[in-house]
Amino acid sequence: YQDEHDGSCDIDIKDKENARLRQWVLDQHVEYKRMQDGLTTTMNNEKVTRLEALNFKFKYVSWEERMDQLKAFKQEHGHLSIPQKDPVLGAWIQSIRRQCKLFQDGKPARDINAKRMEDLNGIGFQTKMKKQPILTEEDNQAFDGMIDKLADFKRQHGHCKVTKVLDPVLHNWVVRQRVDYKRIQEGKPSRLTVQRLMKLTDMGFAFRQKESYKTWEERMDQMRQFKADNGHVNIPISHPTLGEFVGRQRVTYRQLVDGLKSAMTEERAQELRDLGFDFQVDNRKDKNNMQKPKTWEERYEELLAFKEEYGHTVVPQHTPGLGSWVHNQRKDYKLMNLGKKSAMGPEKALKLTSIGFVFDVFDAKRRKRNEEASSDEE
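In this text, all values refer to a predicted model and were calculated from it rather than measured experimentally.

Each value, and the rule that gives it
Residues numbered from 1 in each chain as written. Predicted model: local features only at pLDDT ≥ 70, side-chain atom pairs only at ≥ 80, totals over all residues. Heavy atoms only, no water. Helix = DSSP H or I, 4+ residues; strand = E, 2+ residues; numbered from the N terminus. Buried < 20%, exposed > 50% of the residue type's maximum accessible area, 1.4 Å probe, protein only. Contact = heavy atoms within 4.5 Å. Areas by Shrake-Rupley, 256 points an atom, 1.4 Å probe, with all protein chains shown as cover. Polar contact = N/O pair within 3.5 Å; in protein donor to acceptor, adjacent residues only side chain to side chain. Phe/Tyr/Trp six-rings, centres within 6.5 Å; stacked < 30°, edge-to-face > 60°. Salt bridge = Lys/Arg side-chain N within 4 Å of Asp/Glu carboxyl O. pLDDT = per-residue confidence, 0-100. Axes fitted to C-alpha atoms, helices over the stretch in contact; angles between N-to-C directions. Parallel < 35°, antiparallel > 145°, perpendicular 65-115°, else oblique. Nonpolar A, V, L, I, M, F, W, Y, C, P; charged D, E, K, R; others polar. Core = buried A, V, L, I, M, F, W, Y, C linked by side-chain atoms within 4.5 Å.

J.: So what's going on with the overall build of the chain? Residues and values would help.
T.: Summing up its helical and strand segments, the chain has 15 helices and zero strands in all. Within the span of the chain, comprising 378 residues, buried residues form 43% of the whole. Partitioning the contacts of the chain with sequence separation of at least 6, the portion at a separation of at least 24 is 52%. When the accessible surface of the chain is summed, it comes to about 22,300 Å², and 49% of that surface belongs to carbon and sulfur atoms.

So this is what it looks like as structure tokens:
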């Protein structure tokens, strides 16, 4: 593979011919991490040497290094309420919160044990899940009433983009839903239950509002400012301002390299390179596990890694393992909505919804076409 790809070990997820090789590469990252953590593994020093001889890049951050990063964050900010958008600790801390809950529930947690729970508690990290607010029947009736108002608004205007001018009461309500959605992502108590999330998602409600259009020059100014503030341009896909932009540049760059129609030009690519932008994102190596069959949580971690790399959750069905799992989640969700027996439960639906999982791909594409047509008319 390297002979045909200029010595690269990075295999594109769209490369069906080398899908099995790509999965094997991911597995080597996983086994290396397990070896470094002192866990049972098929990796050994001889294999590491052979892979490194092929310029295979291992990236590993130890638990001790993570603890030092947490302490440094607390010293700088005075707390450990780390936002998901944090470029160093954001994605990792979300995973740790989920694994702490698994451990507390007596379930297998890949990176958490009693000693590590003690380490986290020792620096003041909140490992116990906070109780959700209690919602009364009146609360639920009020919510359903506003859902009906939103449905009426959508029938009239063709979308859920409520403004203060069109309906100030409904506008304030949708703002509160987005605030509660953000609290879910930060691991905080929220009034946005699974059932409420599902009702809003099925209606096509966007929990994250899109930014107004920015020119290439404006985006590059934002990139330069990010580098001035952080010393690098390793911007995570979860970044609220530049996340989608950097993900899109990697997609258009691949199109340019493959000789396809693309918004990327050689001049723009060079401008990004001059900033130190990396068009190739290393495969996330700590999101998989060699145990077979893989648990729902393990596949969910893989989906998070996919979104981190590609900017969306629409996984091609030919992707080994993850592709068929994603397809099954959509089938199970449909069964749950029909009131039939399903492997999908409220907690799983909440987790998937909170990361922007697309339960109905065709409906999402239809909504996007309608929004684009509406935008063109305006």
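J.: Outline the side chain of arginine 219, supporting the account with residue identities and numerical values.
T.: Mapped onto the elements of the fold, arginine 219 is located in helix α9 (residues 216-230). At 2.8 Å, the side chain of arginine 219 and the side chain of glutamine 222 are in polar contact.

J.: Tell me about the packing of aromatic side chains, and please be specific about residues and values.
T.: Taken as a whole and assessed by the stated rule, the structure comprises 11 aromatic pairs. For the pair tryptophan 216 and phenylalanine 245, a centre-to-centre distance of 5.8 Å together with 55 degrees between the ring planes defines the contact as tilted. Of this pair, tryptophan 216 sits in helix α9 while phenylalanine 245 sits in helix α10 (residues 243-257); the two residues are 29 residues apart in sequence, bridging distant segments of the chain. The same class applies to tryptophan 216 as to phenylalanine 245, namely buried. Chaining the aromatic ring pairs together yields one cluster made of Tyr32, Phe56 and Phe58.

J.: So what's going on with the pattern of salt bridges? Residues and values would help.
T.: Taken as a whole and assessed by the stated rule, the structure comprises seven salt bridges. Arginine 155 is the partner of aspartate 152 in a salt bridge, and the nearest nitrogen-oxygen pair spans 2.2 Å. Taken together, the positions of aspartate 152 and arginine 155, both in helix α6 (residues 137-157) and three residues apart, correspond to about one turn of that helix. Close ionic contact of arginine 224 with glutamate 271 constitutes a salt bridge, the shortest N to O distance being 3.0 Å. In this pair, arginine 224 sits in helix α9 while glutamate 271 sits in helix α11 (residues 266-274), placing the two residues 47 residues apart along the sequence.

J.: Before we move on, can you summarise helix α2 (residues 45-53) with the specific residues and values?
T.: Every α-helix carries 3.6 residues per turn, so stepping three or four residues along brings you back to the same face. If you check the start of α2, you find a side-chain oxygen 3.2 Å away from the backbone N of glutamate 46, and it comes from asparagine 44. At the C-terminal side of α2, asparagine 55 shows a positive phi close to 65 degrees.

J.: If you had to explain the confidence of the model for the chain to someone new, which residues and values would you point to?
T.: Residue-level pLDDT values for the chain average 80, and 87% of them are 70 or greater. Within the model, the stretch residues 282-292 combines pLDDT values under 50 with 35 contacts to residues more than four positions away or in other chains.

J.: Account for the packing of helix α3 (residues 63-77) against helix α4 (residues 90-104), naming residues and giving values.
T.: In contact at an axis separation of 12 Å, α3 and α4 are set at 110 degrees when each is read in the N-to-C sense. Our classification of the angle between α3 and α4 gives roughly perpendicular. Along its contact with α3, which presents Trp63, Arg66 and Leu70, the element α4 presents Trp92, Ile93 and Ile96. Grouping the constituent residues of the contact of α3 with α4 by class yields five nonpolar, no polar and one charged.

J.: Just give me the short version of unusual backbone geometry, but keep the residues and values in it.
T.: The phi angle at asparagine 55 is positive, at roughly 65 degrees, despite the residue not being glycine. What makes asparagine 55 partly exposed here is its relative accessible area of 44%.

J.: Got a sec to walk through the nonpolar core? Specific residues and values, please.
T.: Ranked by internal contacts, the top residues of the largest apolar core, which has 20 residues, are Tyr300, Leu303, Leu322, Trp325, Val326, Met344 and Leu352. It is helix α12 (residues 296-310) that provides the largest number of residues to this core, a total of six residues. The next biggest cluster of nonpolar side chains, apart from the first, holds 19 residues, and it includes Trp173, Leu200, Met203 and Phe205.

J.: Could you give an account of the environment of leucine 51, naming the residues involved and the relevant values?
T.: Mapped onto the elements, leucine 51 comes out in helix α2. Between the C-alpha atom of leucine 51 and that of glutamine 28, which follows or precedes it by 23 residues, the distance is 9.1 Å. Once residues within four sequence positions are removed from consideration, leucine 51 is found in contact with Trp24, Gln28, Met43, Phe56 and Phe58.

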